[in-house]
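These are the residues of each chain, in order.
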Amino acid sequence: MAPAPGNGPPLPGWVATAVTFLCSGTVLVLEIVGLRLIAPYVGVTLQTSTAIIGFALAAIAMGAWSGGAAADRTDPRRLLAPLMVAGGALVVAVLPLVRFTGSLLTGADAGAVLLLAAVAVVVPAALLSAVPPMVVKLQLASLSETGAVVGRLSGIGTLGAIAATFVTGFLLIAVLPSSVILVGNGLVTAAAGLALAVLLRRSVGGAGPRVFPALLGLTLGGALLAAVAPTPCEEETAYHCARVVTDPERESGRVLLLDTLRHSYVDLDDPTHLEFEYLRAVAAVIDVLAPAGRPLSALHLGGGGLTLPRYLAAVRPGTESLVVEVDQGVVAIDREQLALQTSDELRVRVADGRVGLADEPPGKRDLVVGDAFGGLSVPWQLTTRESLELVDGALADIGVYTVNLIDHPPLAFVRAELATMRAVFPHVLLLARAPVLAGEDGGNVVAVASRSPLPVEPLEKALAAHELAWQVAQGSALTAFVGDAAVLTDDFAPVDQLLSPYG
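Since we're looking at a predicted model, the values are computed, not measured.

Participant: Just to check I follow, could you spell out the overall build of the protein chain for this structure?
Facilitator: Counting secondary structure elements, the protein chain contains 18 helices and 12 strands. Principal axes of the C-alpha set define a box for the protein chain whose edges measure 90 × 45 × 40 Å. Expressed as a percentage of its 503 residues, the buried residues of the protein chain come to 52%. Put simply, 77% of the contacts in the protein chain that link residues at least 6 apart link residues at least 24 apart. Looking at the protein chain as shown, the accessible area adds up to about 21000 Å², and 62% of this sits on carbon and sulfur atoms. One finds the centroid of the 30 positive side-chain charges in the protein chain at a distance of 10 Å from the centroid of its 45 negative side-chain charges.

Participant: What is the right way to look at the side chain of threonine 383 in this model?
Facilitator: Turning to its location among the elements, threonine 383 is positioned in the loop between β8 (365–370) and α13 (385–394). A polar contact is formed between the side chain of threonine 383 and the backbone oxygen of tryptophan 380, at a distance of 2.6 Å. Those residues within four positions of threonine 383 in sequence are excluded, and the remaining contacts are Val378, Leu388, Phe413, Glu417, Thr420, Leu488, Ala493 and Val495.

Participant: Mind showing me how you'd approach the environment of phenylalanine 373 here?
Facilitator: Relative to the helices and strands, phenylalanine 373 resides in the loop between β8 and α13. As a C-alpha pair, phenylalanine 373 and proline 76 span 297 residues in sequence and 49 Å in three-dimensional space. Those residues in contact with phenylalanine 373 that lie beyond four places of it in its chain are His240, Val378, Pro379, Asn404, Leu405 and Ile406.

Participant: Can you help me understand the sheet that holds strand β7 (residues 346–350) in this one?
Facilitator: Working definition: the strands of a sheet are paired by backbone hydrogen bonds and lie parallel or antiparallel to each other. Spatially, the 8 strands line up as an open sheet ordered β7-β6-β5-β8-β9-β11-β10-β12, and their pairing is mixed. Each edge of the open sheet carries a strand with a single partner, namely β7 and β12 (470–473). Mean inter-strand twist for the sheet, computed between neighbouring axes without regard to direction, equals 20°. With 5 bridges joining them, strand β10 (residues 427–433) and strand β11 (residues 443–450) adopt antiparallel strand pairing.

Participant: What exactly am I supposed to notice about the pattern of salt bridges here?
Facilitator: Opposite charge on two side chains allows them to pair when their charged atoms are near. According to the stated counting rule, one finds 14 salt bridges in the structure shown. Note that arginine 365 is salt-bridged to glutamate 320, the shortest N-O span being 3.8 Å. Taken together, the residues arginine 365 in strand β8 and glutamate 320 in strand β6 (residues 320–325) connect sequence positions 45 residues apart. Exposure remark for glutamate 320: the relative accessible area of 24% places this residue in the partly exposed category. Linking aspartate 490 and arginine 354 is a salt bridge whose minimum nitrogen-to-oxygen distance equals 2.7 Å. You can see aspartate 490 sitting in the loop between α17 (475–482) and α18 (495–498) and its partner arginine 354 sitting in helix α12 (residues 353–358), a full 136 residues away along the chain. What emerges from the salt-bridge pattern is a single network uniting Glu320, Arg347, Glu360, Lys364 and Arg365.

Participant: Could you clarify how one ought to interpret the packing of aromatic side chains in this entry?
Facilitator: Two measures describe an aromatic ring pair: the distance that separates the ring centres and the angle between the ring planes. On inspection of all chains with the given rule, the structure shows 4 aromatic pairs. With a centroid separation of 6.4 Å and 20° between ring planes, the pair formed by tyrosine 401 and phenylalanine 425 is classed as stacked. Of this pair, tyrosine 401 sits in strand β9 (residues 395–407) while phenylalanine 425 is found in the loop between α14 (412–424) and β10, placing the two residues 24 residues apart along the sequence. A relative accessible area of 2% means that phenylalanine 425 is categorised as buried. Taken together, the ring pairs in this structure connect Tyr265, Phe276 and Tyr278 into an aromatic cluster. The side chain of arginine 415 reaches across the aromatic face of phenylalanine 481, ending 4.4 Å from its centre.

Participant: Help me understand the sheet that holds strand β3 (residues 253–258) in this model?
Facilitator: Taken together, the 4 strands give an open sheet; going across it, the order is β1-β2-β3-β4, and neighbouring strands pair in antiparallel fashion. With one partner strand each, in any of the chains shown, β1 (235–236) and β4 (261–267) form the two edges of the open sheet. In terms of strand pairing, β1 meets strand β2 (residues 241–246) through 2 bridges, oriented antiparallel. Across the sheet, glutamate 236 pairs through a bridge with cysteine 241, a residue of β2. Contacts between helix α11 (residues 328–337) and the sheet are confined to β1, β2 and β3, with β3 contributing the most and set at about 160° to the helix.

Participant: What is the right way to look at the packing of helix α1 (residues 13–42) against helix α5 (residues 131–139) in this model?
Facilitator: Helix-helix packing is characterised by the crossing angle of the two axes and by the distance between the axes. Axis separation between α1 and α5 bottoms out at 9 Å; the angle between their running directions is 165°. By the criterion of interaxial angle, the relationship of α1 to α5 is roughly antiparallel. In this structure, the crossing between α1 and α5 has a hand that is left-handed. Across the interface between the two elements, Ala16, Val19, Thr20, Cys23 and Ser24 from α1 touch Val131, Pro132, Val135 and Gln139 from α5. Its residues assigned to classes, the contact of α1 with α5 shows 6 nonpolar, 3 polar and no charged.

Participant: Looking at this model, I keep getting lost on the packing of α1 against helix α4 (residues 110–129). Mind explaining?
Facilitator: Close contact between α1 and α4 brings their axes to 9 Å; oriented N to C, the two are set at 165°. The angle between the axes of α1 and α4 places the two elements in the roughly antiparallel class. In the packing of α1 onto α4, the handedness of the crossing is right-handed. Listed contacts from α4 to Cys23, Thr26, Val27, Leu30, Glu31, Gly34, Ile38, Tyr41 and Val42 of α1 are Ala112, Val113, Leu116, Ala117, Ala120, Val121, Pro124, Ala125, Leu128 and Ser129. A per-class count over the contact of α1 with α4 returns 15 nonpolar, 3 polar and 1 charged.

Rules used throughout
Residues numbered from 1 in each chain as written. Predicted model: local features only at pLDDT ≥ 70, side-chain atom pairs only at ≥ 80, totals over all residues. Heavy atoms only, no water. Helix = DSSP H or I, 4+ residues; strand = E, 2+ residues; numbered from the N terminus. Buried < 20%, exposed > 50% of the residue type's maximum accessible area, 1.4 Å probe, protein only. Contact = heavy atoms within 4.5 Å. Areas by Shrake-Rupley, 256 points an atom, 1.4 Å probe, with all protein chains shown as cover. Lys, Arg positive; Asp, Glu negative; His and termini not counted. Charge placed at Lys NZ, Arg CZ, Asp CG, Glu CD. Polar contact = N/O pair within 3.5 Å; in protein donor to acceptor, adjacent residues only side chain to side chain. Pairing = 2+ DSSP bridges. Axes fitted to C-alpha atoms, helices over the stretch in contact; angles between N-to-C directions. Salt bridge = Lys/Arg side-chain N within 4 Å of Asp/Glu carboxyl O. Phe/Tyr/Trp six-rings, centres within 6.5 Å; stacked < 30°, edge-to-face > 60°. Lys NZ or Arg CZ within 6 Å of the ring centre and 35° of its normal. Parallel < 35°, antiparallel > 145°, perpendicular 65-115°, else oblique. Left-handed = near helix turned anticlockwise from the far one by under 90°. Nonpolar A, V, L, I, M, F, W, Y, C, P; charged D, E, K, R; others polar.

Next comes the structure, spelled out in structure tokens:
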């Protein structure tokens, strides 16, 4: 039986298992947390997720390929510990590198997304992915057991990645800031590399030990920079980098920022103050929905700062509002910094909007308001024909659905969502500024749908009363605006591709 071309005895089985498990797991922690690191600068879109996943996979492939090639040319014992320490050190260094790079960016275009994603994952993931093939090389006692060794260690690496994915996504993100997760994981990996160096020191000498002071300096320097690097986050929630800032022109005004967006404006002293134009457009719809002061039954998909539910409670006392907000952390910020007080008439449920819709009793709501956003886009599962059929089922016969949308020319998403709404509701209107309706500009628009005819002339007057120079598109004008846009379904809803977030 031919011996394997290894150098010296294999690693102890438990050491090989632990090293493979740890390095593979660290790469997945870096991938998951990397998305949260870049979100405050470029938002959370399909493109940002794709960039992080793509670069992580490229780094894994590059590291595995180069690590295997290096193991055939050099005794892997000389490389394992330095690679682990360097990889761990660079995991720590990723945090300040992303924050300093992000602070220098002036936009959230595709180039910025790709740059930040590359900075977040490529080098440390490639270094750590070079470790498992070197461990495999050391464990090959003979060619007759190649399949068993490769299969076992490949499985262990996969288990490490799976464990890291579930523990990070379900536990760590919920209890620790991303910075703590990243720095802690990097330090653990670097410490494991040092422990491995001590274990192997008697069997190998040479250049390895000489590089450790530099690697330790890199690790400690990265941790120090991580502590002082600028961050746009005041608080990290399960989904967002969040902060509340005071409006310098209005002492009682507060702005809730989620990642890159001014998400909500709340006046702590005056709940009837609606700063954002799209909310005033929604208020105009509510004005013509029912006589002034009459209480409504309202379902809000997406909460943010709960500006509109507070407004309804003030101008229509007795209104029953249920807010479905997916982010518990945002609700906590609302309570702690934006003076939110819930009651039997203003309730908050922490759940995905689609789940909340599915649980709604039929025919109860006078009003359903869509104002949920993941980054720059409405979550795709709230845009489809199937989700709008749930909205229709929740509404009373004369109930109204109004939804806030954001798009930029060529406004492909808004057109598709209007086509989808018209496939479900017999009456649909679009409220927007004239340049948007002409396809020359973008921003917020408000779409309105109902089973009953919508009063266009009173709505135009209500828009003017709310100091809005918005227009109402209906009938043939709306048909021309929608054009040949496709209806979105659960099977086909390319929302992020239809949007033009970098326009």
